[in-house]
Amino acid sequence: MAFCSQADPRQPIERAAAECFLTAASTGTTALPEAAVFRAPLPPIHPRISGQHEERERNVKALVADHLNGLDGLRLGDVATPALPAGEILVRMRFAGINPADWKTAEGYLKVIPHFRPHFPFVIGLEGAGTVATVGEGVTDFAPGDHVVLKSDVSQGRWGTFAECIAIEPRLAARLPRGLPLDAAASLPIAGLTAWHSLMLHGAMKPNETVFIHAGAGGVGSFAVQIAARAGAKVLASCSPANAEYLRARGAYKTFDYRDPDMATKIRAAGTCDVVVDAINDGQHGLIGCLASGGRYVTIPTLDPRAVRPDARKLAAVGATFVPGGLVRERTREGLETLIALYIDGLTLPELQVLPTDDFVEALSDCRSGTRRGKAVVRLWGEDKLAIASHGKALQ
Ligand SMILES: NC(=O)c1ccc[n+]([C@@H]2O[C@H](COP(=O)([O-])OP(=O)(O)OC[C@H]3O[C@@H](n4cnc5c(N)ncnc54)[C@H](OP(=O)(O)O)[C@@H]3O)[C@@H](O)[C@H]2O)c1
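For the structure given in this document, a descriptive report is provided here.

Calculation criteria
- Residues numbered from 1 in each chain as written.
- Predicted model: local features only at pLDDT ≥ 70, side-chain atom pairs only at ≥ 80, totals over all residues.
- Buried ≥ 20, exposed ≤ 12 C-beta atoms within 10 Å, placed from the backbone.
- Helix = DSSP H or I, 4+ residues; strand = E, 2+ residues; numbered from the N terminus.
- Pairing = 2+ DSSP bridges.
- Right-handed = clockwise from strand over helix to strand, strands pointing away.
- Near = placed C-beta within 6 Å.
- Domains from an automatic or database assignment.
- Core = buried A, V, L, I, M, F, W, Y, C linked by C-beta atoms within 7 Å.
- Contact = placed C-beta atoms within 7 Å.
- Axes fitted to C-alpha atoms, helices over the stretch in contact; angles between N-to-C directions.
- Parallel < 35°, antiparallel > 145°, perpendicular 65-115°, else oblique.
- Left-handed = near helix turned anticlockwise from the far one by under 90°.
- Nonpolar A, V, L, I, M, F, W, Y, C, P; charged D, E, K, R; others polar.

1. Side note on the pairing of strand β16 (residues 375–379)
In terms of residue burial, β16 counts as a mostly covered element, since 4 of its 5 residues are buried. Bridge count between strand β3 (residues 89–97) and β16: 3 bridges; the pairing is antiparallel. Looking at the pairing, glycine 97 lines up with valine 377 of β16. In the sheet, strand β15 (residues 352–355) pairs with β16 via 4 bridges, with the strands oriented parallel. Within β16, the residue paired with glutamine 353 across the bridge is alanine 376. For the crossover from β15 across helix α10 (residues 360–369) to β16, the handedness is right-handed.

Shown next, in the form of structure tokens:
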């Protein structure tokens, strides 16, 4: 609560959801909070307004990828309005967050994924927030007008969020309470879900365990530090010395300079770790030696061909296991609802930089070079009048 001010748009009613998360985590009865604990009240579903929509086809604005061999394959242009299959929702996008995975997608890193078969022109973009424009046949849990935050399915070859609208499966979206800023919400999904999945699902973290977050000051790391600390873990993290105070303010018990060759020795002196979450994968620091017996070494896939997999024999020698971590599709809505609840409860986001669409490629380039501080979020075109099909009818 300490982070909430009177003027904060986060409303007290939704704090119950965050408290459920914290309570579940602190009882230690389950590593991952059950869906049942997220029964905190959400705003009522708005009445359907189907039949009021204009029905016609048109193109929508997007950051279009003509190839996935580099950022020079990206241009601002038009694509056909996405079809709306039964069981999906069409979302008018307002903001999209920029992540390292976006420039990696533009540079072709996803080609190693067997089921990633993009059709060109392609639309990249992993996360965002907007308003439900219409719902496909059979959808009952969303209605036009709902504010939603979502994660796209780009790794499956589906179009991403850098567009005026997107069709997605409802399980990849969560409803936002009215009043929650959409630009902040757009910055939650990828870093937040990756941190939550890696700690709770892959790392099976329990309260009172010791967790080491490698790259604690990054997008994923700063969520992981806060989520772990709020769930009752003792949090150790690596960062540049300049970010040490930043992480301590977010709940880290102790931080370590990742440029220090003796980092692992110093971590061990602070306590053996039950969970290591490694967002770097360079194998430089001998982090396996920091794990306790029964410990879990969770890697966040960087898609970098130079990434080093933890040595199985060394892990076995200390009685620890390797768990490939990162983003998964399972329990996405539950993860998003947890993040919304934590945000309302005071989770601190990186400093947001809201950019116009003209800065899209520059923002991706800055993300690649690591020169921009904080989190870039692009304001999309979704406030334009979007031609919307009537309820349940596909647009193309
Ligand atoms: N596949 C998935 O599911 C998935 C999902 C999300 C992210 N990822 C990947 O996870 C990685 C991290 O993502 P992110 O969004 O957190 O990136 P980010 O925001 O760009 O964070 C990078 C951080 O890494 C730190 N860092 C740089 N070199 C380091 C080193 N040698 N050792 C330790 N820390 C170092 C920096 O810390 P300082 O600022 O303190 O110097 C920086 O804050 C990326 O490779 C991303 O693609 C994968």
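The rest of the description comes next.
2. Quick look at the site of the ligand
The full set close to the ligand counts 28 residues, and Gly218, Gly219, Ser240, Gly326 and Leu327 are the nearest of them. If you list the elements that add at least two residues to the shell around the ligand, you get α2 (100–106), α4 (189–202), α5 (219–230) and β10 (234–239). For the shell around the ligand, the domains that each give at least three residues are domain 1 (59–187 + 349–379) and domain 2 (190–324).

3. Focus: the nonpolar core
Of all hydrophobic cores here, the largest spans 109 residues; its most connected members are Val91, Val149, Leu199 and Val211. What valine 211 contacts, discounting residues up to four positions off in sequence, is Leu199, Met205, Ala228, Ala233, Val235, Leu236, Cys273, Asp274, Val275 and Val277.

4. Some words on the sheet that holds strand β1 (residues 59–65)
In a beta sheet, neighbouring strands are held together by backbone hydrogen bonds and run either parallel or antiparallel to one another. If you trace the 3 strands from one edge of the open sheet to the other, you get β2-β1-β4, paired in antiparallel fashion. Lying at the two open borders of the sheet, with one neighbouring strand each, are β2 (74–80) and β4 (122–123). Inspection of the sheet shows β1 paired to β4 by 2 bridges, in the antiparallel sense. Its bridge partner lying in β4, alanine 65 is registered against phenylalanine 122.

5. Examining the packing of α4 against α5
Their axes nearest at 8 Å, the elements α4 and α5 cross at an angle of 50 degrees. As far as their axial angle goes, α5 and α4 are oblique. Here α4 and α5 pass one another in a crossing that is right-handed. Contact residues: α4 offers Ala191, Gly192, Thr194, Ala195, Trp196, Ser198 and Leu199, while α5 offers Gly219, Val220, Phe223, Ala224, Ile227 and Ala228. For the contact of α4 with α5, the residue count by class is 9 nonpolar, 4 polar and no charged.

6. Brief notes about the sheet that holds strand β9 (residues 210–214)
Pairing in this open sheet of 6 strands is parallel, and the strands run β11-β10-β9-β12-β13-β14 from one edge to the other. In the strand order of this sheet, the two ends are held by β11 (254–257) and β14 (321–324), each with one partner. Neighbouring strand axes in the sheet, compared pairwise and without regard to direction, differ in orientation by 20 degrees on average. Pairing geometry for β10 and β11, over 4 bridges, is parallel. What sits directly across from cysteine 239, in β11, is aspartate 257. Where α4 meets the sheet, its contacts fall on β9, β12 (273–278), β13 (291–299) and β14, and the angle it forms with β12 comes to roughly 150 degrees. On the sheet, α5 packs against β9, β10 and β12 and is oriented at approximately 165 degrees with respect to β10.

7. As for the pairing of β13
Inspection of the sheet shows β12 paired to β13 by 5 bridges, in the parallel sense. Opposite aspartate 278, over in β13, you have threonine 299 as the bridge partner. The pairing of β13 with β14 spans 4 bridges and is parallel. Counted as the bridge partner of arginine 296 is threonine 321 from β14. Traced from β13 through helix α8 (residues 312–318) to β14, the parallel crossover comes out right-handed.

8. Overview of the environment of phenylalanine 162
Along the polypeptide, phenylalanine 162 turns up in the loop between β6 (147–151) and β7 (165–168). The spatial distance from the C-alpha of phenylalanine 162 to the C-alpha of threonine 357 is 9.1 Å, given a sequence separation of 195 residues. In contact with phenylalanine 162, other than residues within four places in its own chain, are Ala62, Leu63, Ala96, Val123, Ile124, Gly125 and Phe360.

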